[in-house]
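# Per-entry structural report
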Amino acid sequence: MRMVRTVVLSLGLLLLSAVLLPRVLANHSWGGYHWARTANPFTLKLGDNVSSAWKAYLSEASTDWSVSSVLDTTIVAGNGGKNCKATAGRIEVCNRKYGNNGWLGLAQVWVSSTHITQALAKMNDTYFTTNTYNKPEWRRLVMCQEIAHGFGLDHQDEAFDNTNLGTCMDYTSNPLGPPSNEHPNAHDYEELEIIYAHLDAITTVGQSTARNPGNMPEWVAAGEFGNASDWGKEIRNNGKVALYERDFGGGNKLFSFVIFAR
Ligand SMILES: [Zn+2]
Ligand SMILES: [Zn+2]
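Taken together, His-34 (NE2), His-198 (NE2), Asp-200 (OD) and Asp-200 (OD) make up the protein donors of the zinc ion (ligand 1), found 2.0 to 2.5 Å from the metal. The sequence pattern formed by the donor residues of the zinc ion (ligand 1) is H-x163-H-x1-D. In this pair, His-34 sits in strand S1 (residues 34–35) while Asp-200 sits in the loop between helix H5 (186–195) and helix H6 (218–221), placing the two residues 166 residues apart along the sequence. Using a relative accessible area of 15% as the deciding quantity, one classes Asp-200 as buried.

Printed below as a string of structure tokens:
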């Protein structure tokens, strides 16, 4: 009798967790960081510094994320230059052979108190020109994911070999799935709605003339922190994906999201 009750109870808990799981998944903001803006939907500029091999993927990711009810993205001429420097108020998107540094994709996000002020999304062609990664599905997943870190989205899942969740915010050994992890899913849009439910009195979006939103020192805002030694404290690292935090003081921080190449 006790055994039966235990089994029934376990089944009940299993069912309950299956019902609750979707809500748990829509909780992949990192620390609530967000772009300050006074109205929704707001439009984020994506600076196009990418080569012809990447144009279609940048365009696809921009279209995908603009489905969100709270934000739109628009592709503009890049400001990043050879080293992919950040520009206040937008996300610069870049690709290059950055070398055998271990990372396939890198997203860097500057924040001032709770607000995102600028971001970078970088794809490393040193690996994207190899047989393993020179595939549309890998280009789609990494482009889609690195841009979205710049919105304040974290991963939905970081396990390498489990079943895909059907979102580019799920790291995987097999982007094609099925289901495919090449595009956002409903939970990503839901999470964006949660992150951007409130409005702010100020804006950190699109301030192309003011390089210095909030109280961020110029050397932080204009700095290049492309090397692992610049990334600061390791927050988490499972060998496949990692997050680093560099604290500059005064509420100014740089977050670096890394996808490692195998
Ligand atoms: Zn806010
Ligand atoms: Zn990531």
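Take the coordination of the zinc ion (ligand 2) next. By definition of the ideal shapes, a tetrahedral metal site with four donors has angles of 109.5 degrees and an octahedral site with six donors has angles of 90 or 180 degrees. Around the zinc ion (ligand 2), the protein contributes the donor atoms Gln-145 (OE1), His-149 (NE2) and His-155 (NE2), at 2.0 to 2.1 Å from the metal centre. Given the relative accessible area of 0%, His-149 is considered buried.

Before going further, it helps to examine the pattern of salt bridges. Going through the model one piece at a time under the given rule, you end up with 9 salt bridges. The partner of Lys-85 in a salt bridge is Glu-224, and the shortest N-O contact between them spans 3.9 Å. You can see Lys-85 sitting in the loop between strand S3 (71–77) and strand S4 (91–96) and its partner Glu-224 sitting in the loop between H6 and strand S7 (233–237), a full 139 residues away along the chain. Through salt bridges with shared partners, a single network forms among Glu-60, Arg-140 and Glu-182.

Looking now at the environment of Val-111. Along the chain, the position of Val-111 falls in strand S5 (residues 103–112). Residue Val-111 is classed as buried on the basis of its relative accessible area, which comes to 0%. For the pair Val-111 and Met-216, spaced 105 residues apart in sequence, the C-alpha separation works out to 8.6 Å. Those residues within four positions of Val-111 in sequence are excluded, and the remaining contacts are Trp-30, Tyr-33, Ile-116, Thr-117, Met-216, Gly-251, Asn-252, Lys-253 and Phe-255.

Tallied over the full model, the rule gives 18 aromatic pairs. On the basis of an interplanar angle of 70° and a centroid distance of 6.1 Å, the ring pair of Trp-65 and Tyr-189 is categorised as edge-to-face. Of this pair, Trp-65 sits in helix H2 (residues 52–65) while Tyr-189 sits in helix H5, placing them 124 residues apart in sequence. Each member of the pair, Trp-65 as well as Tyr-189, carries the same accessibility label: buried. In this structure, Arg-139 is placed above the aromatic ring of Trp-54, and the distance from its NZ or CZ to the ring centre is 4.6 Å. Above the face of the Phe-160 ring, Lys-240 is positioned so that its terminal group lies 4.1 Å from the ring centre.

This part takes up the nonpolar core. The biggest cluster of nonpolar side chains holds 51 residues, and the ones touching the most others in it are Trp-65, Ile-91, Val-93, Leu-104, Met-143, Ile-147 and Phe-151. Tallying contributions element by element places helix H4 (residues 136–149) first for this core, with 7 residues. With residues up to four places along the chain from it excluded, the contact list for Ile-147 reads Leu-46, Leu-58, Ala-61, Trp-65, Ile-91, Val-93 and Ala-121. Ala-86, Leu-120, Met-216 and Val-220 belong to the second largest nonpolar core, which has 11 residues in total.

Conventions we followed
Residues numbered from 1 in each chain as written. Chains lettered and ligands numbered in written order. Predicted model: local features only at pLDDT ≥ 70, side-chain atom pairs only at ≥ 80, totals over all residues. Heavy atoms only, no water. Donors = N, O, S within 2.8 Å, 3.2 Å for Na, K, Ca; no water. Helix = DSSP H or I, 4+ residues; strand = E, 2+ residues; numbered from the N terminus. Buried < 20%, exposed > 50% of the residue type's maximum accessible area, 1.4 Å probe, protein only. Salt bridge = Lys/Arg side-chain N within 4 Å of Asp/Glu carboxyl O. Contact = heavy atoms within 4.5 Å. Phe/Tyr/Trp six-rings, centres within 6.5 Å; stacked < 30°, edge-to-face > 60°. Lys NZ or Arg CZ within 6 Å of the ring centre and 35° of its normal. Core = buried A, V, L, I, M, F, W, Y, C linked by side-chain atoms within 4.5 Å.

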